[in-house]
Amino acid sequence: MPAVHHKLLLEDALQDSPQTRSLLSVFEEDAGNLTEYTNQLLQAMQRVFGAQSEMGLATEQLSQQLLDYEKKNFALGKGDEEVITTLQSFAKTVGELNSLHSELANQMADSMVFPLIQFREKDLTEISTLKEIFGIATDEHEAAMVKYSRLPKKKENEKLKADMVKEVAYTRRKQHQASLQYYCALNALQYRKRVAMLEPMLGYTQAQISFFKKGLELVSKKMESFLSSVSNMAQNIQKQLDAEAETMRMAQKELLSVEDTVYMPDKETETVNRTLIQKAGYLNIRNKTGLVTTAWDRLFFFTQGGNLMCQPRGAVAGGMVLDLDNSSVMAVECEDRRYCFQITSPSGKTSMILQAESKKEYEEWICTVNNISRQIYLTDNPEAVAIRLNQTAIQAVTPITSFEKRQEGAPNPDRAKPGGAQPAGSDSQKSGAAPEPEDLIAPGTPIQFDIMLPASEFQDQNRAGGRRTNPFGETEECTAESDADSLLQQVFAVRFLGSMAVRCGNNQEVIYEAMRQVLAARAIHNIFRTTEAHLMVTSSSLRLIDPQTQVTRISFQLEEVCQFAAHQENGRLMGFVVEGRDWSDGNEEGEPSFSAFVFESNTEGEKICYTINLAKEITEAKKDPEALAELIKNMPLTNDGKFLLLEPETGDSTSGENQEDLESEA
């Protein structure tokens, strides 16, 4: 008899994944079918037992009726003595048969009906009870997880957080214990049902053989040998059941001997794996339930290739939720919930907000989506590529996360003094060999991840009555004079990623190296938030404007921008290098110093670079009126209104038609 191959793994009870639940539903369906079949089989056996009991009563009545023949005193009964003797002999024989039938009925009750009733009342009822306990424990754990997920992030709620962590650990342990007992019972049922099906029929057949042996001796020894083999088979199955029960008991004891930290959702001692290209686990997803209302659902998510999949409980397989290729992921603040992040499709039309249950899961999910979005999984050895990229990023930079802006003109000991700056707008000079990263950026150069408004500028604006700079060119008096002569004015929505000091400004490779180090530093230090801003390009300057307050955060004269370039692979990344002066050595003219600024735009970075280059061409063409007129005449205009030249204001007003043409989009 082959052993049972299908069983529930006790090690999977704690994770409670949809795969385990799917396998559990198969076992539960099997148990339900077995219960239904057992009831039908028991009814049939009880009918046989009833018929046999009725047979005993019928033969007893027959024997008594045969004996009563003599007592009837028939008036015409003379000469019936032989008949009476014969009937008495028949009554004795029938009485002996009656004892055999009664014994057969008793044997059927003991060896056929009782074992099946015991199996139904003990084993199947135990399965039903454990199922209810498991369902209650699961509901309590789900309720505890919902309360835990709603915990606020305020520090004064640490006691509430500690209580909720204990409650989650208690309910998770309770669910774990209930699931282990339920799984063990379902596994054991696969053995017990075989014994329960064989044992009644074995008792029934043995009782019939005993009956026939005592009555007519019709049973052959071949049947006895067969029944003996069936009996041995049942004994072997019972031995297997005993061994499996002991193994499951020891496994259950070992699994329950772990520390309580296994049941806690947020363990601070766990190490984050940043090289994952596959991830699976439960996440809370925010769904809209109305125009302004939302609800959070806890579902099982997993990655498959470049897709994010979701599998509800009870489902046989998962369905695709989002294509992660070239997608973006970032941490978000959402409804006072912790560990929330947002995944956005490359087109920006589809996005979803998810919540992890712990900081480790939160960081690993973000890193995994980042790795998949870079299509590492398509390489021959994706694990090695992910590890190598992570190690390269760690070795590349050691940034600081200070948001304080360095004072202008302050000395920088790590900054190298370049030999000279190339004129603005010219192509980068390429040497015979590619420059080393150390030649472009000094090792250990700090990185600034945000641009703070200088205190002096903020105070000046307050004194001026809160004057703002409008990014669409409709400026107030403080900037009207500087923008009046601007022939080009274009605004782009960008996100500031970081800036750092560089060693030279005459090579586009320094921009690519700055992009690499800024992105690597953000990945290593889990800095996912970016600063939204409007980058205004005019024919005289570059300005970074706060989209909420319309305050200019930082401004550069166009002649200070010595290099600009878009990323060669990620078209939304662009950066530029600004030349300044360092007077730390006491030189009156100052030594040239360079800083690289890296941005991510909603449009193509090449468009921003084209606009900056166009602004430089306009600046050069202003020196020659004929060249300026020719440039304006040949200016390409697009249907969506981008890269429009603005006519200089003459007089107090312009026509409505000209005002419509002067619009620019952000």
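Since the structure is predicted, the reported quantities are computational estimates derived from the model, not experimental observations.

A. Quick look at the overall build of the chain. Along the backbone of the chain there are 13 helices and 14 strands. The buried share of the chain, reckoned over its 666 residues, is 42%. Within the chain, residue pairs in contact and separated by at least 24 positions form 70% of the contacts whose partners lie at least 6 positions apart. For the chain, the accessible surface area stands at approximately 36600 Å², while carbon and sulfur atoms represent 51% of it.

B. Looking closely at the side chain of T38. On the secondary structure map, T38 appears in helix 1 (residues 18-68). According to the relative accessible area criterion, T38 is buried, its value standing at 0%. If sequence neighbours within four positions are ignored, T38 has contacts with L116, F119, R120, L124 and M197.

C. Just the sheet that holds strand 2 (residues 294-304), in detail. The strand order 4-3-2-1-7-6-5 describes an open sheet built from seven strands, whose pairing is antiparallel. Across the chains shown, the open sheet's two edge strands, defined by having one partner strand only, are strand 4 (319-323) and strand 5 (328-331). Recorded for the sheet is a direction-independent mean angle of 40° between the axes of neighbouring strands. Across two bridges, strand 1 (residues 280-288) lies against strand 7 (residues 351-355) in antiparallel orientation.

D. Just the packing of helix 1 against helix 3 (residues 158-215), in detail. For the pair helix 1 and helix 3, interaxial distance at closest approach is 11 Å and the crossing angle is 30°. Between helix 1 and helix 3, the crossing angle belongs to the class labelled roughly parallel. The interaxial crossing formed by helix 1 with helix 3 has left-handed handedness.

E. How the structure looks around unusual backbone geometry. Located in the positive-phi region is N326, a residue other than glycine, with phi close to 60°. Checked against the element boundaries, N326 lands in the loop between strand 4 and strand 5.

F. Up close: the pattern of salt bridges. This structure, assessed with the given rule, holds 23 salt bridges. Across the pair E244 and K7 runs a salt bridge whose closest N-O atoms are separated by 3.2 Å. Taken together, the positions of E244 in helix 4 (residues 221-255) and K7 in the segment before helix 1 put the pair 237 residues apart, joining distant regions of the chain. The shortest N-O distance in the salt bridge between E600 and R495 comes to 3.5 Å. Residue E600 is located in strand 14 (residues 591-601), and its partner R495 is located in strand 8 (residues 489-502); the two are separated by 105 residues in the primary sequence. In terms of burial, E600 and R495 fall into one category: buried. A network of salt bridges, in which partner residues are shared, links D16, R21, E142, R172, R298, R313 and E357.

G. How the structure looks around the sheet that holds strand 10 (residues 541-545). One open sheet accounts for seven strands, arranged 11-10-9-8-14-13-12; its pairing is antiparallel. The open sheet has two edge strands, strand 11 (552-557) and strand 12 (561-566), and neither has a second partner. In this sheet, adjacent strand axes meet at a mean angle of 30° when their direction is disregarded. Pairing of strand 13 (residues 573-582) with strand 14, which is carried by ten bridges, proceeds in the antiparallel orientation. When the bridges of strand 14 are listed, V577 appears paired with A596. Together, strand 8, strand 12, strand 13 and strand 14 form the strand contacts of helix 10 (residues 509-524), whose direction differs from that of strand 8 by roughly 80°.

H. Molecular detail of the pairing of strand 11. Pairing of strand 10 with strand 11, which is carried by five bridges, proceeds in the antiparallel orientation. Counterpart to I545 in the pairing with strand 11 is T552. Connecting strand 10 to the next strand, strand 11, in antiparallel fashion are six residues, including Q550 with a positive phi near 60°.

I. View of the environment of E532. With respect to the secondary-structure elements, E532 resides in strand 9 (residues 531-538). When the C-alpha atoms of E532 and I545 are compared, they prove to be 9.2 Å apart, with 13 residues separating the residues in sequence. Excluding its chain neighbours within four sequence positions, the residues that come into contact with E532 are V494, R495 and P547.

J. Broad picture of the environment of E620. Tracing the sequence through the fold places E620 in helix 11 (residues 605-621). For the pair E620 and S539, spaced 81 residues apart in sequence, the C-alpha to C-alpha distance is 9.8 Å.

K. Molecular detail of helix 10. An ideal rise of 1.5 Å per residue puts 22 Å on 16 residues; helix 10 measures up with 22 Å between its terminal C-alpha atoms. Among all positions of helix 10, only V510, I511, Y512, E513, A514, M515, Q517, V518, A520, A521 and R522 are buried.

L. Fine view of the environment of F599. Along the chain, F599 turns up in strand 14. Measuring from C-alpha to C-alpha, the distance between F599 and M574 comes to 5.5 Å, with 25 residues separating the pair along the chain. In this structure, F599 is in contact with V494, R495, F496, L497, L544, R572, L573, M574 and F576, ignoring residues within four places of it in sequence.

M. A look at the packing of aromatic side chains. If you walk through the whole model with that rule in mind, you get 13 aromatic pairs. Look at F496 and F597: their rings are 6.5 Å apart centre to centre, the planes differ by 50°, and that puts the pair in the tilted class. Taken together, the residues F496 in strand 8 and F597 in strand 14 connect sequence positions 101 residues apart. Look at F496 and you get buried, because its relative accessible area is 1%. Of the residues examined, F597 reaches a relative accessible area of 9% and is grouped as buried. Centre to centre, the rings of F576 and F599 are 5.6 Å apart; their planes meet at 25°, and the pair counts as stacked. Of this pair, F576 sits in strand 13 while F599 is found in strand 14, placing the two residues 23 residues apart along the sequence. For the residue pair F576 and F599, the accessibility class agrees, reading buried in each case. Site record: aromatic cluster; members linked through ring pairs are F496, F556, F576, F597 and F599. Its end group placed over the ring of Y282, R298 keeps NZ or CZ at 4.4 Å from the ring centre.

N. How the structure looks around the confidence of the model for the chain. Confidence in the prediction of the chain, expressed as mean pLDDT, is 76, and 77% of residues score 70 or more. No element of the chain has a lower mean pLDDT than helix 13 (residues 656-661), at 35, and none a higher one than strand 12, at 92. pLDDT under 50 marks residues 396-432. Its contacts with residues more than four places away, or in other chains, come to 79 contacts. Low confidence marks residues 637-666, where pLDDT is under 50. Its contacts with residues over four positions away, or in another chain, come to 46 contacts.

Criteria and thresholds
- Along each chain, residues carry numbers from 1 onward, in the same order as the chain's sequence is written.
- This being a predicted model, a pLDDT of at least 70 is required before a residue's local features are given, and a value of 80 or more before pairs of side-chain atoms are given or counted; all residues contribute to the totals for chains, interfaces and linings.
- Think of the side-chain values as coming from all heavy atoms in the structure, minus any hydrogens and water.
- Every helix listed is a DSSP run of H or I at least four residues long, and every strand listed is a run of E at least two residues long, numbered separately from the N terminus.
- Three exposure classes are used, based on accessible area relative to the maximum for each residue type with a 1.4 Å probe and protein chains only: buried under 20%, partly exposed in between, and exposed over 50%.
- Only heavy atoms enter the contact rule, under which two residues are in contact if any of them lie within 4.5 Å.
- The Shrake-Rupley method, run with a 1.4 Å probe sphere, supplies the accessible areas, and residue values consider only the shown protein chains as cover.
- Strand pairing is defined by DSSP finding a minimum of two bridges between the two strands.
- Every axis in this analysis is a line fitted to C-alpha atoms, fitted for helices over the stretch in contact. Angles between the N-to-C directions lie between 0 and 180 degrees.
- Any angle from 65 to 115 degrees is called roughly perpendicular, while one under 35 is roughly parallel, one over 145 is roughly antiparallel, and all others are oblique.
- Left-handed describes a crossing whose near helix is turned anticlockwise from the far helix through less than a right angle; right-handed describes the clockwise counterpart.
- Any carboxyl oxygen of Asp or Glu within 4 Å of a side-chain nitrogen of Lys or Arg constitutes a salt bridge here.
- The length a helix should cover is 1.5 Å for every residue beyond the first.
- Any two of the Phe, Tyr and Trp rings considered here, Trp counted by its six-membered ring, make a pair once their centres fall within 6.5 Å; the pair's planes then place it as stacked at under 30 degrees, edge-to-face at over 60, or tilted in between.
- Only lysine NZ and arginine CZ atoms are considered, and such an atom sits over a ring when it is within 6 Å of the ring centre and within 35 degrees of the ring normal.
- One number per residue, pLDDT, summarises how confident the predictor is, and it ranges from 0 to 100.

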